[in-house]
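Spelled out from the first residue to the last, the chains are:
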Amino acid sequence: MGRLDGRVAIVTGGARGQGAAEARRFVAEGARVVVADLLLEDGRAVAAALGPDAVFAPLDVTDARQWAAAVETCIRAFGNPTVLVNNAGVLGETPVRGGDEAEFRRIVDVNLVGAYLGMRAVAEPMITAGGGSIVNVSSVAGLRGVSGMGAYSASKFGLRGLTKSAARELAPFGIRVNSVHPGGVATEMLATVGDDAFAHQPIPRRATPDEIANLVLFLASDESSFSTGSEFVADGGSTA
């Protein structure tokens, strides 16, 4: 018996890094997974490697029409989604002094609006399926400010608040909504950040993608059945 037997999941940003680790972990635990991403070649490769329990769907999370198409792909392949992982995100510098407005809007659009569109797209089919779990991947930057990265931090704080609102709205339909707040993770997003940036932590290293995927798995499963509207932090103790 797998921890996600019978579940149907959509994982955004699933073509590499943390999203790919989540997709692999979900399939290993019995779920059928839609790997959704803008990276077409990488996304198709991840889905193909996972076998018949995974399909790829092209997805720009800022485009409501592409969300509708990804959900339709899910329904055709496996049935109504019962898990959504809003994992897709972008990082960039947006200082208050001299920052670029277009970059600020881009980051918020992907990290926050994209997650909203995803929850909106899956809400009705998930209700029809009898409920489910939504996991929004925020960041420790959604718990504390980060100098020079106002848009990223604002988007992740916003995702934390959106999670709580959605949790209250969707609870009567059997849908739980929680946020995950990783610290530094060894993915392409932080490839230019040196290891010494994490030396101050009680656990003085980056997380592996699999470590974060394990936390997301817990929230997707019935093991977290009494958790909704909550923040789950995996940061090596950096916010302790």
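Quick note: structure is the one above.
As the structure is a prediction and not an experimental result, all values here were calculated from the model.

Draft legend 1. Here's a closer look at helix H5 (residues 150-170). Taking 1.5 Å of rise per residue, 21 residues should cover 30 Å, and H5 covers 30 Å from first to last C-alpha, within 8% of that figure. Listed in full, the buried residues belonging to H5 are Ala151, Tyr152, Ser153, Ser155, Lys156, Leu159, Leu162, Thr163, Ala166, Ala167 and Leu170. Buried residues in H5 make contact with helix H4 (101-128), strand E5 (132-137) and strand E6 (175-182).

Draft legend 2. A look at the sheet that holds strand E1 (residues 8-12). Read from one edge to the other, the open sheet built from seven strands follows the order E3-E2-E1-E4-E5-E6-E7, with strand pairing classed as parallel. Where the open sheet ends on each side, the last strands, each with one partner, are strand E3 (54-58) and strand E7 (231-234). When strand polarity is set aside, the average angle formed by the axes of neighbouring strands in this sheet is 20°. As defined by bridge partners, strand E2 (residues 32-37) adjoins E3 across five bridges and the pair is classed as parallel. Along E3, the bridge assignment pairs alanine 36 with alanine 57. Across the sheet, H4 lies against E1, strand E4 (83-86), E5 and E6, angled at about 180° from E4, the strand it touches most.

Draft legend 3. Layout of the layout of surface pockets. There is about 190 Å³ of room inside the second largest pocket. Taken together, Tyr116, Met119, Arg120, Ala123, Glu124, Ile127, Leu162, Ser165, Ala166, Glu169 and Leu170 make up the full set of residues lining the second largest pocket. Looking at the lining of the second largest pocket, the elements with two or more residues in it are H4 and H5. If you tally residues by element for the lining of the second largest pocket, the top one is H4, at six residues. Its residues assigned to classes, the lining of the second largest pocket comprises seven nonpolar, one polar and three charged.

Draft legend 4. Looking closely at the packing of helix H1 (residues 17-28) against helix H6 (residues 209-220). Relative to each other, H1 and H6 sit at 55°, their axes nearing to 8 Å. The angle between H1 and H6 places the two elements in the oblique class. Between H1 and H6 the crossing geometry is right-handed. The residues of H6 that touch H1, namely those facing Gly17, Gln18, Ala21, Glu22, Arg25 and Phe26, are Pro209, Asp210, Ile212, Ala213, Asn214, Val216, Leu217 and Ala220. The residue inventory of the contact of H1 with H6, partitioned by class, reads eight nonpolar, three polar and three charged.

Draft legend 5. How the structure looks around the nonpolar core. Counting 35 residues, the largest nonpolar core has Ile10, Trp67, Leu84, Met119, Val122, Ile134 and Val177 as the members making the most contacts within it. Those elements giving two or more residues to this core turn out to be E1, E2, helix H3 (64-77), H4, H5 and E6. No other element matches H4, which puts eight residues into this core. Residues contacting methionine 119, with those up to four places away along its chain left out, are Leu84, Asn86, Ile134, Asn136, Leu162, Ala166 and Val177.

Draft legend 6. A look at the packing of aromatic side chains. By the definition in use, this model includes one aromatic pair. Ring centres 6.2 Å apart and planes at 65° place the aromatic pair phenylalanine 218 and phenylalanine 232 in the edge-to-face group. Highlighted residues: phenylalanine 218 in helix H6 and phenylalanine 232 in strand E7, separated in sequence by 14 residues. For phenylalanine 218, a relative accessible area of 25% corresponds to the partly exposed category.

Draft legend 7. Fine view of the side chain of serine 133. Within the secondary structure, serine 133 is located in strand E5. Overall, the relative accessible area of 1% leaves serine 133 in the buried class. In this view, serine 133 contacts Thr82, Val83, Leu84, Met126, Arg176, Leu219 and Ala220; residues no more than four positions away in its chain are not counted.

Draft legend 8. Summary view of the environment of proline 95. Relative to the helices and strands, proline 95 is located in the loop between E4 and H4. Residues proline 95 and serine 147, 52 residues apart in the sequence, show an inter-C-alpha distance of 7.3 Å.

Draft legend 9. The arrangement of the pattern of salt bridges in detail. Scanning all chains against the criterion turns up ten salt bridges. Measuring nitrogen to oxygen at the nearest pair gives 2.8 Å for the salt bridge that ties arginine 3 to glutamate 223. Taken together, the positions of arginine 3 in the segment before E1 and glutamate 223 in the loop between H6 and E7 put the pair 220 residues apart, joining distant regions of the chain. Put simply, arginine 160 and glutamate 231 hold a salt bridge, and the shortest N to O gap is 2.9 Å. With arginine 160 in helix H5 and glutamate 231 in strand E7, this pair connects stretches of sequence that are 71 residues apart. When its relative accessible area of 25% is taken as the criterion, arginine 160 is described as partly exposed.

The rules we used
Residues numbered from 1 in each chain as written. Predicted model: local features only at pLDDT ≥ 70, side-chain atom pairs only at ≥ 80, totals over all residues. Heavy atoms only, no water. Helix = DSSP H or I, 4+ residues; strand = E, 2+ residues; numbered from the N terminus. Expected span 1.5 Å × (residues − 1). Buried < 20%, exposed > 50% of the residue type's maximum accessible area, 1.4 Å probe, protein only. Contact = heavy atoms within 4.5 Å. Pairing = 2+ DSSP bridges. Axes fitted to C-alpha atoms, helices over the stretch in contact; angles between N-to-C directions. 1 Å grid on protein atoms, 1.4 Å probe; cavity = no way out; pocket = protein on both sides within 12 Å on 5 of 7 lines; lining within 4 Å. Points joined across faces, edges and corners; volume = space filled by probe spheres on them. Nonpolar A, V, L, I, M, F, W, Y, C, P; charged D, E, K, R; others polar. Parallel < 35°, antiparallel > 145°, perpendicular 65-115°, else oblique. Left-handed = near helix turned anticlockwise from the far one by under 90°. Core = buried A, V, L, I, M, F, W, Y, C linked by side-chain atoms within 4.5 Å. Phe/Tyr/Trp six-rings, centres within 6.5 Å; stacked < 30°, edge-to-face > 60°. Salt bridge = Lys/Arg side-chain N within 4 Å of Asp/Glu carboxyl O.

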